[in-house]
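# Descriptive structure summary
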Amino acid sequence: MNKTGIGTRCVQGGYQPGNGEPRQIPIIQSTTFKYATSEDMGKLFDLEASGYFYTRLQNPTSDAVAAKICEMEGGTAAMLTSSGMAASFLAVFNICSCGDHFISSSSIYGGTFNLFAVTLKRMGIEVTFVSPDASEEELNAAFRPNTKLMFGETIANPALKVLDIEKFARVAHQNGVPLIIDNTFPTSVNCRPFEWGADIVVHATTKYMDGHGSAVGGAIVDSGKFDWTKYPEKFPGLCTPDESYHGITYTERFGIEGAYITKATAQLMRDLGVTPAPMNAFLLNLGLESLHVRIKRHSDSALAIAQYLEAHPQIAWVNFPALPSSPDYALTQKYLPNGTCGVISFGVKGGREAASKFMKALKLVAIETHVADARSCCLHPATATHRQLSDEELIACGVSADLVRLSVGLEDPEDLIADIEQALKSI
Ligand SMILES: *Cc1c(COP(=O)(O)O)cnc(C)c1O
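Read on for a plain summary of the structure. (Residues numbered from 1 in each chain as written. Predicted model: local features only at pLDDT ≥ 70, side-chain atom pairs only at ≥ 80, totals over all residues. Heavy atoms only, no water.)

## Describing the sheet that holds strand β8 (residues 315-319)
Put simply, the rule is: A pair of strands is considered paired only if DSSP assigns at least 2 bridges between the two. Helix numbering and strand numbering both begin at the N terminus, where a helix is a DSSP run of H or I of at least 4 residues and a strand a DSSP run of E of at least 2. For this analysis, residues touch if any pair of their heavy atoms sits within 4.5 Å. Axis lines are fitted through C-alpha atoms, for helices just across the contact stretch, and the angle between N-to-C directions can take any value from 0 to 180 degrees.
If you walk across this open sheet you meet the five strands as β8-β9-β12-β11-β10, and the pairing is mixed. Two strands in the sheet have a free side with no partner beyond their single neighbour: β8 and β10 (366-367). Pairing of strand β9 (residues 343-348) with strand β12 (residues 403-407) involves five bridges; the strand directions are antiparallel. In the strand pairing of β12, Gly-347 is matched with Leu-403. Against the sheet, helix α12 (residues 291-310) engages β8, β9 and β12, with an angle of about 15° to β9.

## Observations concerning the packing of helix α4 (residues 84-93) against helix α10 (residues 250-272)
Filter applied, for reference: The scheme is simple: roughly parallel for angles under 35 degrees, roughly antiparallel for over 145, roughly perpendicular for 65 to 115, oblique for anything else. Handedness of a helix crossing follows the sense of rotation of the near helix relative to the far helix, less than a right angle counterclockwise being left-handed and clockwise being right-handed. Classification used: nonpolar for Ala, Val, Leu, Ile, Met, Phe, Trp, Tyr, Cys and Pro, charged for Asp, Glu, Lys and Arg, polar for all others including Gly.
Relative orientation of the contacting elements α4 and α10 amounts to 115°, with a least axis distance of 10 Å. Overall, the two elements α4 and α10 adopt an arrangement that is roughly perpendicular. The hand of the α4/α10 crossing is right-handed. Within the contact between the two elements, α4 uses Phe-89, Leu-90, Ala-91 and Phe-93 and α10 uses Tyr-260, Leu-268, Met-269 and Leu-272. For the contact of α4 with α10, the class distribution of residues is eight nonpolar, no polar and no charged.

## Points about the pattern of salt bridges
The condition is simple: Counted as salt bridges are all cases of a side-chain nitrogen of Lys or Arg within 4 Å of a carboxyl oxygen of Asp or Glu. Partly exposed residues are those whose accessible area sits between 20% and 50% of the maximum for their type, while under 20% is buried and over 50% is exposed, using a 1.4 Å probe and protein chains only.
What the rule picks out here adds up to 13 salt bridges. For Lys-148, the salt bridge goes to Asp-100, with nearest N and O atoms at 2.9 Å. Of this pair, Lys-148 sits in strand β4 (residues 147-153) while Asp-100 sits in the loop between α4 and β2 (101-105), and the two are 48 residues apart along the sequence. For the pair Lys-148 and Asp-100, a shared accessibility class is recorded, and that class is buried. For the salt bridge of Glu-166 with Lys-334, the shortest nitrogen-to-oxygen distance reads 2.5 Å. Of the two residues, Glu-166 sits in helix α7 (residues 165-174) while Lys-334 sits in helix α13 (residues 329-335), which places them 168 residues apart along the sequence. Under the relative-accessibility criterion, Glu-166 is labelled partly exposed at 28%. Accessibility expressed as a relative area gives 34% for Lys-334, which makes it partly exposed. Through salt bridges with shared partners, one network takes in Asp-133, Lys-161 and Asp-328.

Spelled out as structure tokens, the structure:
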């Protein structure tokens, strides 16, 4: 299936029913699976045979959907998680242990930033944040002997900064570590980071992949290209025996194509249990079946609205990576030639008060913290999520008082523009 186009993979990837089997992915709503002998089940426990025994580790519905996302990204192995945060946590924790260090772009999702800076620190894992615009020399300078990976976001939420994936991949590989990319905003339809050298991709499937605001979820995909066995002392978890699995060495047993995801499933899912519900995997699959059609509409409508806003006398500034005025326009043309995402940020002239009036007057566009939904929504951080902060404090954390974040949905763009127009008139 990997040779088919991305749309065909969205619709038909992952699940291949046999003769007389259901056309749609069955929801295997079962915690457990029955076996004739204990020996049969023992082989599964020992990872000597593949199959299912307990849904905390693996479930056929979730695996079919993971296999689809794997084909969409062009990877060799994938797994679903209960949320995007769980995907990012497992992706890093599968490689890093207490005493290790990694390097992350500073322009990433706020929840991920907190996970890295605060929670992983409490576990003894240190992060250095680097500017996504840093030179290769600056990136190289951030490495330490115990650095185990680099991390970045294709299009950062909410800064909408586009990452130079090839630059990050080159530096990571020169230093013998993999690059993990959060590809949530563009999805595998608009960008496939493995084609630019990334080694592992994570998604918050909660966003465009689900696309209907119905199920929180995440995914991890391995390109199967990073050769852990070249650096066994750096990646002992993958290259030396796992005593909690009768001394299995993941790279020996599952090859470099399968070691990373097998370890994350067998060890981290077993112990942490951040498992998706089979029903949520099914809902995610419904979203994936139309992702290629929807993300194009989101991207096209957002560009039309960004252009409208840029020409509007009441708008102070617009940030959208597909606008020629964007500082990231060259990166967008390289990595995202077919579209970016549906999220725009812009400033309303008149600051905090004008932006607040604008928000109140919107009729079609709802006020929510969510993004990437079929229904348009927007957020004014200065009067919502960041309302305790002064104008000066807002600027210090990269959010100006006039900033409005708009997530353009699938409605007719003319109707959305008419709604924005009347809301701006009401200020
Ligand atoms: C939302 C989001 C996450 C976290 O996903 P959840 O499913 O909410 O846990 C991670 N990365 C990005 C880019 C996101 O937008």
